[in-house]
Each structure stands twice: as C-alpha cells, then as structure tokens.
Amino acid sequence: MFNIVEKRHWYFLLSSLIIIPGLVAIVYSIITFGSPVKLSIDFTGGTLLELRFDQVTQPADVRQVLAESDYPGSTVTTTADDTVLIRTKAMDPAAKVTVMDALEAEFGPAEELRFESVGPAVGAEVTRTAGIAVAVAALFILAFIIFAFRKVPNAFRYGMCAIAAMIHDILVTLGLFSLAGLILNWEADALFLTALLTVIGFSVQDTIVVFDRIRENIPRRRGESYETIVNRSLLETIHRSLATQLNAIFVLIALLLFGGATTKQFVAVLLVGLLSGTYSSIFNAVPLLVVWETGRLRGTRQEAKASA
C-alpha cells in the first residue's frame, strides 16, 4: 500500500515555500499601501465619470484607454441608456481633460453626463464584519468537528487541523494575490472579498471527508498503527476528493481563459483557493494530524514496512 503520509515533511516544506514569499509580499504591501493587498476604488473611493459616446463602446476597450492614461484598475460598465460608467481613482479636472481627450481620440465625441467624487463601495465596516464572520465560522467548524468526532480520542485535534488547513488556504490565496498586486498591478475589489470568503467556505469540506473515514476505520482496525489507519483512510477517499475538485477546476480554467476581463481576477482567486484547498486537505491537514498524534514529523521505516 502506497504510503502518502510518510513523506509529510516534504508536504510541509512545499507549503512553506509557497506561503513565505506571499507573506513577504503581504508585509511589503502593508508597509507600502497600508493593507495586505492593493485596494481598488471599491475600498478607497475615487471618481465617477459618466459618458455617452456616439458609437457603441466596449468596457474592455475603455479600460485599456484608461490604463494607458495612468488609470489602471478602473471599473467600466455600460447602462441600458447606452452610457458608460467609469469608476476610477481620484481624478482632478485637469486630469479629466487629458482622459477625455484620450477617450474621444479612440471612440469619437463624448457627452459628459456626470463627474463627481464617490466614497468606497466596500467600507471598513464591511471588511471588519467579514473578518468576524470568518472567525465565527472557524469556531463553528471546531465545535462541529469536536461534537461529530466525540467518540474518537483527541477530537479537538481534528478540529484544529481542519482550521489550520483553512488558514493555509487563506495565506496562499492572499499571498499570491498580494504578489500579483505588486507584479501585475492587481487591485482587490468587492469580487475579491467574495472570492476569498467562497474559498474559506469550501476549504474544510474535503478535510472532513478524510477525517470521517479515519473515524470509521479506527475501531475497525485496532491492530494497525495510527499512521497506517490514516494512510488507508486517505487512499480510500482521495479519488473522491480529486474527482470532485477537478470538475470545478476545469470549469474555472475555462472561465479564466475565455471569460470576460472583469471576472478574471475573481476566477483566478477561486482557482488558486480551490487548488490550495485540495492540496491542504490531503497533504497538510491529515499529515498534521498524524504529527500531532504520533509526535513524529517524519515517518519511520518500521511504519512504512507495516503499511506496505
């Protein structure tokens, strides 16, 4: 029988190699921008400009012109009245003239309908509430696992390992987005917050499936070592976890390649979070439980032989 858990120290090393650069990027972003990621105007506020062009314009084309005019990350939408709504960082009247000239050079004459300063659509209160929701969700997950695994020794450890895997997914997703913000100028908007909360919601499900199989196998295989039981449970459920997650991963890859420009960052965050959640459930949460139960970071040769 193939022993997945035996190489657990390599899994922890790989996670560290992924998380540490992200943590460095997060610290740098906090020092530079005052937040773990670069924030868009959804969080910081900015300028709202509403225009009507003589010809039909596409939001992606308008965003491209704005990016070339030193206003990257702008949000552009069209309305039923054939107007274009541009939400961008703070713009003074002189800068507006420059932007208007660039837009009219590309799309023809434009009628200005509105030009005003706007506040953040996602305020500090919403962000704080989301953080509280994550903390409460973690407590509920811990309480649920402790109750569901109450007949298993050290049920508390199962809950803490599941939460550790969830924190792993948050750090991976947040760290890679922070790196993308520094390298690719990505900015976190309301969709980023939605994607991050979605990743958290899906993070624990595979972990609980494996833990539940461990709970079933412990009384059935009393003569086997704990590591062997865990490895057997992991092998019995890994095909189900991979089959479920691969379906969603393929859909997200298709959306990332062929979807609209406005959703690419949202889909990218979901894809990274889903990949991290699949990995952490199999290669972090379960091996961490073995380390906690056995007190050994590396598998022993005796256990490997018994598993084989």
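Just so you know, these numbers come straight off a predicted model, no measurement behind them.

Chemist: Quick one: what's the story with the sheet that holds strand S4 (residues 110–118), residue by residue and with numbers?
Modeler: Here 4 strands make up an open sheet; going across it, the order is S2-S3-S1-S4 and the pairing antiparallel. Two strands bound the open sheet, and with one partner strand each, they are strand S2 (75–78) and S4. Each strand of the sheet is rotated relative to its neighbour by a mean of 15°, with strand direction disregarded. Bridge analysis of S2 against strand S3 (residues 84–88) gives 4 bridges, and the strand direction is antiparallel. Residue pairing for S3: Thr-77 is matched across the bridge by Leu-85. Packed on one face of the sheet, helix H3 (residues 59–68) meets S2 and S3 and runs near 150° to S2. Those strands touched by helix H4 (residues 93–107) are strand S1 (46–53), S3 and S4, and its axis lies near 30° from that of S1.

Chemist: Can you explain the side chain of Ser-29? Please cite residues and give values.
Modeler: Among the structural elements, Ser-29 can be located in helix H1 (residues 8–33). Excluding anything up to four places from it in sequence, Ser-29 contacts Gly-34, Ser-35, Pro-36, Val-37, Ser-178 and Leu-182.

Chemist: I'd love a proper account of the pattern of salt bridges, names of residues and values included.
Modeler: Applying the stated criterion to the full structure yields 12 salt bridges. Arg-213 is the salt-bridge partner of Glu-216, the closest N and O atoms lying 3.4 Å from each other. Placement of the pair is Glu-216 and Arg-213 together in helix H8 (residues 205–220), with a separation of 3 residues, close to one helical turn. The class of Glu-216 is partly exposed, set by a relative accessible area of 28%. On the basis of relative accessibility, which here comes to 26%, the residue Arg-213 falls in the partly exposed class. The structure contains a network of salt bridges with shared partners spanning Glu-50, Arg-114 and Glu-116.

Conventions and cut-offs
Residues numbered from 1 in each chain as written. Predicted model: local features only at pLDDT ≥ 70, side-chain atom pairs only at ≥ 80, totals over all residues. Heavy atoms only, no water. Pairing = 2+ DSSP bridges. Helix = DSSP H or I, 4+ residues; strand = E, 2+ residues; numbered from the N terminus. Axes fitted to C-alpha atoms, helices over the stretch in contact; angles between N-to-C directions. Contact = heavy atoms within 4.5 Å. Salt bridge = Lys/Arg side-chain N within 4 Å of Asp/Glu carboxyl O. Buried < 20%, exposed > 50% of the residue type's maximum accessible area, 1.4 Å probe, protein only.

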